[in-house]
Amino acid sequence: MTSKQGSGTSKRGFASMDPVKQREIASKGGKAAHEKGTAHEFTPEEAAAAGRKGGQASGRGRSATRSAE
C-alpha cells in the first residue's frame, strides 16, 4: 500500500467527493433511517437545549483571552 506524501489529500473516500454527491448520498441515508424508524427527530425543547449548549461551547475561553489584553 502506498501513501501520498506532501499534499495531505487523497482521491478516495467520502470527504474527497464533490459536495453535491456527498449531499445526495447523505440524503439517501437519512431517508432510509426515517423509513426504518431509527432516525432521531429533535423536539423543540431538545433543539433549544442543543442551541444553548453550542453557544456556550463556542464562547468558552473568550473572557480569559480578553482579560489578558
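Residues numbered from 1 in each chain as written. Predicted model: local features only at pLDDT ≥ 70, side-chain atom pairs only at ≥ 80, totals over all residues. Heavy atoms only, no water.

Undergrad: Account for the overall build of the protein, naming residues and giving values.
TA: Counting secondary structure elements, the protein contains three helices and zero strands. Starting at the N terminus, the α and β elements of the protein follow one another as α-α-α. Within the span of the protein, comprising 69 residues, buried residues form 0% of the whole. (Helix = DSSP H or I, 4+ residues; strand = E, 2+ residues; numbered from the N terminus. Buried < 20%, exposed > 50% of the residue type's maximum accessible area, 1.4 Å probe, protein only.)

Undergrad: Please give an account of a nonpolar patch on the surface that cites residues and values.
TA: Judged by side-chain polarity, Phe14, Met17 and Ile25 come together as a nonpolar surface patch covering roughly 240 Å² of accessible area. The residue Phe14 is located in the segment before helix H1 (19-36) in this model. (Patch = residues over 30% accessible without salt bridge, like charges linked within 9 Å, V, L, I, M, F, W, Y side chains within 5 Å. Areas by Shrake-Rupley, 256 points an atom, 1.4 Å probe, with all protein chains shown as cover. Salt bridge = Lys/Arg side-chain N within 4 Å of Asp/Glu carboxyl O.)

Undergrad: Report on H1, specifying residues and quantitative values.
TA: In this model, H1 (18 residues) spans 26 Å end to end at C-alpha, consistent with the 26 Å of a helix rising 1.5 Å per residue. Directly beyond the C-terminal end of H1, a positive phi value near 90 degrees is found at Gly37. (Expected span 1.5 Å × (residues − 1).)

Undergrad: Talk me through the confidence of the model for the protein; I want residue IDs and the actual numbers.
TA: On average, residues of the protein carry a pLDDT of 80, and 71% of them reach 70 or more. The secondary-structure element of the protein with the lowest mean pLDDT is helix H3 (residues 62-67), recorded at 58, while H1 shows the highest, at 92. (pLDDT = per-residue confidence, 0-100.)

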